Amino acid sequence: MNGSKTEVSVLLGIFLLLIGIAVLVFGVREVRVERWLRLKGVRVQGSVVRHVRGGTSSDRTLDLDGDTHVARRRPRFAMIGYVDADGNPGEVKATSSSTEGWPIGQEVPVVYLPARPSTARIDLGSERRARARTCLVVGIGFIVGPIWIIVSSAGRG
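Residues numbered from 1 in each chain as written. Predicted model: local features only at pLDDT ≥ 70, side-chain atom pairs only at ≥ 80, totals over all residues. Heavy atoms only, no water.

Caption draft 1: Region of interest: the overall build of the chain. For the chain, the count of helices and strands is two helices and seven strands. Of the regular secondary structure in the chain, the N- to C-terminal order runs α-β-β-β-β-β-β-β-α. Scored against the burial criterion, the 157 residues of the chain give a buried share of 31%. A fraction of 64% describes how many contacts in the chain between residues 6 or more apart in sequence connect residues 24 or more apart. Total accessible area computed for the chain in this model is approximately 9,900 Å², and 61% of it derives from carbon and sulfur atoms. (Helix = DSSP H or I, 4+ residues; strand = E, 2+ residues; numbered from the N terminus. Buried < 20%, exposed > 50% of the residue type's maximum accessible area, 1.4 Å probe, protein only. Contact = heavy atoms within 4.5 Å. Areas by Shrake-Rupley, 256 points an atom, 1.4 Å probe, with all protein chains shown as cover.)

Caption draft 2: Representation of the sheet that holds strand E6 (residues 107-113). Strand order in the open sheet formed by five strands is E5-E4-E1-E6-E7, with antiparallel pairing between adjacent strands. In this open sheet, the two strands that pair with only one neighbour each are strand E5 (89-93) and strand E7 (116-122). Strand-to-strand twist across the sheet, computed as the mean angle between neighbouring axes with direction ignored, equals 40°. Of the pairings in the sheet, the one linking E6 to E7 comprises three bridges and is antiparallel in character. When the sheet's bridge partners are listed, Val 111 is paired in E7 with Arg 121. (Pairing = 2+ DSSP bridges. Axes fitted to C-alpha atoms, helices over the stretch in contact; angles between N-to-C directions.)

Caption draft 3: Highlighting the pattern of salt bridges. This structure, assessed with the given rule, holds four salt bridges. A salt bridge links Asp 123 to Arg 43; the shortest N-O distance between them is 3.0 Å. On the criterion of sequence distance, the pair formed by Asp 123 in the loop between E7 and helix H2 (125-156) and Arg 43 in strand E1 (residues 42-53) is long-range, its members being 80 residues apart. A salt bridge links Arg 50 to Glu 91, with the shortest nitrogen-to-oxygen separation between them at 2.7 Å. Residue Arg 50 is found in strand E1, and its partner Glu 91 is found in strand E5; the two are separated by 41 residues along the sequence. In this structure Arg 50 comes out as partly exposed when scored by relative accessible area, which is 36%. (Salt bridge = Lys/Arg side-chain N within 4 Å of Asp/Glu carboxyl O.)

Caption draft 4: Spotlight on the nonpolar core. Ile 80, Trp 102, Val 110 and Ile 122 are the most contacted members of the largest nonpolar core, which has 13 residues in total. Of all the elements in the fold, those that place two or more residues in this core are E1, strand E4 (76-83), E6 and E7. Residues contacting Trp 102, with those up to four places away along its chain left out, are Val 48, His 51, Ala 78, Ile 80, Val 108, Ile 122 and Leu 124. (Core = buried A, V, L, I, M, F, W, Y, C linked by side-chain atoms within 4.5 Å.)

Caption draft 5: Spatial organisation of the side chain of Thr 119. If you trace the backbone, Thr 119 turns up in strand E7. A polar contact is formed between the side chain of Thr 119 and the backbone nitrogen of Leu 113, at a distance of 3.1 Å. In this structure the side chain of Thr 119 is engaged in a polar contact, spanning 2.6 Å, whose partner is the backbone oxygen of Arg 116. Beyond its immediate chain neighbours, meaning those up to four positions away, Thr 119 contacts Val 33, Leu 37, Val 111, Tyr 112 and Leu 113. (Polar contact = N/O pair within 3.5 Å; in protein donor to acceptor, adjacent residues only side chain to side chain.)

Caption draft 6: Inspection of a positive patch on the surface at higher detail. On the surface, a cluster of positive charge is made up of Arg 32, Arg 35, Arg 38, Arg 116, Arg 129 and Arg 133. Listed by contribution, the elements that provide at least two residues to the positive patch are helix H1 (2-40) and H2. Residue contributions to the positive patch peak at three residues, all from H1. (Patch = residues over 30% accessible without salt bridge, like charges linked within 9 Å, V, L, I, M, F, W, Y side chains within 5 Å. Lys, Arg positive; Asp, Glu negative; His and termini not counted. Charge placed at Lys NZ, Arg CZ, Asp CG, Glu CD.)

The analysis is restricted to geometry; functional conclusions fall outside its scope.
Structure below.
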């Protein structure tokens, strides 16, 4: 019986480890894109053209009776329209829901690599680095945690 628990723990650990490696690879890619944008990126002025819904978040509310309710809502993200140096229009989605309050028409700096328009990012230091940092932290967590699960399971087995 204990052997099957150990096997399940090891398999779970390996699965989570693979997820962690994938997220870490994505994070490293984002760090590289961030570096290239800083060194070789073209900066243009864009503006908020609309807001889109994405993901979910929870808002806990307290009613008059003291009961807690969880209201699910999908945060809004700003979509920034810009025109590149060659006159081609493009759009970039903000990676932070804190852009929800940005009004339509607000000017926002954008940076992109001319050879790869898909690299376009909002040119705010914190906004650009947030995605890479989050992926690195989550990836490392999904690597360290499963290694601990695997090692502790092997010690029990």
